Amino acid sequence: MSDKNTRRKFLQYLGVGAASCTVAACNEKTSNPTASSTVTSNQTFNWKMITTWPKNFPGLGTGAEFLAQTINEMSNGRLNIKVYGAGEIVPALEIFDAVTAGTAEMGHGSAYYWKGKNPALQFFSTVPFGMTANEMNAWLYHGGGMELWQRAYQPFGLVPMAAGNTMVQMGGWFNKEINSVEDLQGLKMRIPGLGGEVLRLAGGTPVNIPGGDLFVSLQKGVIDATEWVGPYNDLAFGLHKAAKYYYSPGWHEPGTTLECFINEEAYNSLPSDLQSIVRNAARVANQDMMLEYVARNNDALETLINEHKVDVREFPTDVIEKLRGLSEQVVADVVGSDPFAREIYDSYQSFLAKSKAWYNLSERAYLNMR
Ligand code: CA
């Protein structure tokens, strides 16, 4: 038997060489790092995922675990990802830099945490009075949003993916009633992203502290108010024990995208089938998190109201109208600061205009009549 035949038999024995695959073609594929190859596809990868959430925190931390587990199952154990909670390897708000540096291969957070890097990144989390979760995902997957996001993270050596969405959030926890815009003045509130800048223009002081520190900060009076996510998550942190009024709706976060991002070099080292598994597992995790929030939020809301006697309020109309005007100003400032920010927001805004027109006739019309 010739050497070539011996090699072909060997590949067939391994069950990895397609019968029609000539040895020459197989060798060619093996030498191409971007193609899925029979040799590299058997390699096992062990990765770390660092997160901005407490380990296994409902919805967010468990969403990161779900993503890791789904990738492990879909890859038949060829890509193993160990998930670390905030502070286990690096503090919550340092994961972006740590994945760029290669300290971990993967991170799980939300893009507005990195506004210090570039204010335009906030458009990939959420925009006050902007898109809902469905609209956001439609823009990302079918409206050019994902390509813009990839371009935005490229200078940091990161590959971003949507990996969850909170749906419409709650407006937050306050120790006093919010009856007018004046009640926001001097208010020190934990509120991240563009919403925080809106509060600043309204006379308040926005701060961003990681979720795990919210309860103590509110209870000790380090902050006067906080928003987090919604009933399912807020109940888990016990925020009702530190503030009396729970305001609706989350004008500042109408459908916040959670992300996973991957060190570009690590991503490029994967064979293409594992890259596809990561991308598609992220889509599954993205969808699953939304459904979990839909399924859990109302039960948690009932517990907050019935067991913990939480006072649920709606923001007065004139407060909302004021915040809407300030939101436009904040977005205009970001867009005016950088041509790429304008390109991202133009894409976002023109997609929103179209989906709004259709939603008015479909979702909104139906919800109003239900
Ligand atoms: Ca929030």
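Remember, predicted model here, so these are calculated numbers, not experimental data.

Cut-offs and rules
- Residues numbered from 1 in each chain as written.
- Predicted model: local features only at pLDDT ≥ 70, side-chain atom pairs only at ≥ 80, totals over all residues.
- Heavy atoms only, no water.
- Helix = DSSP H or I, 4+ residues; strand = E, 2+ residues; numbered from the N terminus.
- Buried < 20%, exposed > 50% of the residue type's maximum accessible area, 1.4 Å probe, protein only.
- Contact = heavy atoms within 4.5 Å.
- Areas by Shrake-Rupley, 256 points an atom, 1.4 Å probe, with all protein chains shown as cover.
- Core = buried A, V, L, I, M, F, W, Y, C linked by side-chain atoms within 4.5 Å.
- Pairing = 2+ DSSP bridges.
- Axes fitted to C-alpha atoms, helices over the stretch in contact; angles between N-to-C directions.
- Expected span 1.5 Å × (residues − 1).
- Parallel < 35°, antiparallel > 145°, perpendicular 65-115°, else oblique.
- Left-handed = near helix turned anticlockwise from the far one by under 90°.
- Patch = residues over 30% accessible without salt bridge, like charges linked within 9 Å, V, L, I, M, F, W, Y side chains within 5 Å.
- Salt bridge = Lys/Arg side-chain N within 4 Å of Asp/Glu carboxyl O.
- Donors = N, O, S within 2.8 Å, 3.2 Å for Na, K, Ca; no water.
- Polar contact = N/O pair within 3.5 Å; in protein donor to acceptor, adjacent residues only side chain to side chain.

*Asks:* What's the story with the overall build of the protein chain in this structure? I'm lost.
*Replies:* Helices and strands together make up the secondary structure of the protein chain, namely 14 helices and 11 strands. With 370 residues in all, the protein chain has 51% of them scored as buried. Of the contacts formed within the protein chain by residues at least 6 apart in sequence, a portion of 77% connects residues at least 24 apart. Surface exposure of the protein chain reaches about 16800 Å², of which carbon and sulfur atoms provide 51%.

*Asks:* Sorry, what's going on with the nonpolar core here?
*Replies:* Side chains that are nonpolar tend, in soluble globular proteins, to be buried together. In terms of nonpolar packing, the biggest core is built from 84 residues, with Leu60, Phe123, Phe124, Trp139, Tyr153 and Trp228 touching the most fellow members. With 8 residues, the top contributor of residues to this core is helix 12 (residues 317-336). Not counting the four nearest positions on each side in its chain, Tyr153 is found in contact with Phe96, Ala111, Trp114, Leu121, Leu158, Pro160, Glu259 and Phe261.

*Asks:* What am I meant to see in the sheet that holds strand 4 (residues 158-165) here?
*Replies:* In sheet architecture, strand pairing relies on hydrogen bonds along the backbone and comes in two forms, parallel and antiparallel. Ordered by their spatial adjacency, 5 strands build an open sheet running 2-1-3-10-4, and the pairing between neighbours is mixed. At either margin of the open sheet sits one strand with a lone partner, and together these are strand 2 (79-84) and strand 4. Strand-to-strand, the axes of this sheet are offset by a mean angle of 25 degrees, without reference to chain direction. Here helix 3 (residues 61-74) sits on the sheet and contacts strand 1 (45-51), strand 2, strand 3 (106-109), strand 4 and strand 10 (257-263); the angle it forms with strand 2, its principal contact strand, is near 165 degrees. Each of strand 4 and strand 10 is contacted by helix 6 (residues 145-153), which is oriented at about 130 degrees to strand 4, the strand it contacts most.

*Asks:* What exactly am I supposed to notice about helix 12 here?
*Replies:* Think of an α-helix as 3.6 residues a turn; residues three or four steps apart then line up on the same face. Relative to the 28 Å expected for 20 residues at 1.5 Å per residue, helix 12 spans 29 Å between its end C-alpha atoms, a close match to the ideal helical length. Residues of helix 12 that are buried include every one of Val319, Ile320, Leu323, Leu326, Ser327, Val330, Val331, Val334 and Val335, and no others.

*Asks:* How do you make sense of the packing of helix 6 against helix 13 (residues 339-361) when you look at a structure like this?
*Replies:* In helix packing, the relevant descriptors are the interaxial angle and the interaxial distance, both defined with respect to the helix axes. Look at helix 6 against helix 13: their axes get within 10 Å of each other, and the N-to-C directions meet at 160 degrees. As summarised for this structure, helix 6 and helix 13 are arranged roughly antiparallel, according to the angle between their axes. For the crossing formed where helix 6 meets helix 13, the hand is left-handed. Facing helix 6, whose interface residues are Leu148, Arg151 and Ala152, helix 13 presents Phe340, Glu343, Ile344 and Ser347.

*Asks:* Please explain a nonpolar patch on the surface as it appears in this structure.
*Replies:* Side chains of Tyr366, Leu367 and Met369 sit close together on the surface and give an oily, nonpolar patch of about 350 Å² of accessible area. With respect to the helices, strands and loops of the structure, Met369 is situated in helix 14 (residues 363-369). For Met369, a relative accessible area of 63% translates into the label exposed.

*Asks:* Any chance you could explain the coordination of the calcium ion here in plain terms?
*Replies:* Metal coordination angles in their ideal form are 109.5 degrees for the four-donor tetrahedron and 90 or 180 degrees for the six-donor octahedron. Looking at the metal site, the calcium ion is ligated by Gln169 (OE1), Glu227 (OE), Glu227 (OE), Trp228 (O) and Glu253 (OE), spaced 2.0 to 2.9 Å from it. Coordination of the calcium ion draws on donor residues from a single chain, spaced Q-x57-E-W-x24-E in sequence. Separated by 58 residues along the polypeptide, Gln169 in the loop between strand 4 and strand 5 (172-174) and Glu227 in the loop between strand 8 (225-226) and helix 9 (231-237) bring together distant segments of the chain. Here Gln169 falls in the buried class, since its relative accessible area comes to 4%.

*Asks:* Got a minute to help me understand the pairing of strand 10 in this structure?
*Replies:* Along any regular strand, the residues point their side chains to alternate faces of the sheet. Taking burial as the measure, the 7 residues of strand 10 include 7 buried ones, the bulk of the element. The sheet contact formed by strand 3 and strand 10 spans 4 bridges and is antiparallel. Looking at the pairing, Met106 lines up with Ile262 of strand 10. Relative to strand 10, strand 4 runs antiparallel, the two being bridged by 7 bridges. Each bridged residue has a counterpart across the sheet, and for Pro160 the counterpart in strand 10 is Phe261.

*Asks:* It is not clear to me how the side chain of Glu227 should be interpreted in this structure. Could you clarify?
*Replies:* On the accessibility criterion, Glu227 (0% relative accessible area) is buried. A distance of 2.4 Å separates the side chain of Glu227 from the side chain of Arg190, its partner in a polar contact. Reaching out from Glu227, the side chain makes a polar contact with the side chain of His252 at a distance of 2.9 Å. Once you skip the residues sitting within four places of it in the chain, Glu227 turns out to touch Gln169, Met170, Gly171, Gly172, Met189, Arg190, Ile191, Pro192, Leu214, His252 and Glu253.

*Asks:* Sorry if this is basic, but what is going on with helix 13 here?
*Replies:* Its 23 residues place the ends of helix 13 34 Å apart at the C-alpha level, agreeing with the 33 Å of an ideal helix rising 1.5 Å per residue. Looking at helix 13, one finds that the buried residues are Phe340, Ala341, Ile344, Tyr345, Ser347, Tyr348, Phe351, Leu352 and Ser355. Those residues of helix 13 that are buried are in contact with helix 5 (133-142), helix 6 and helix 12.

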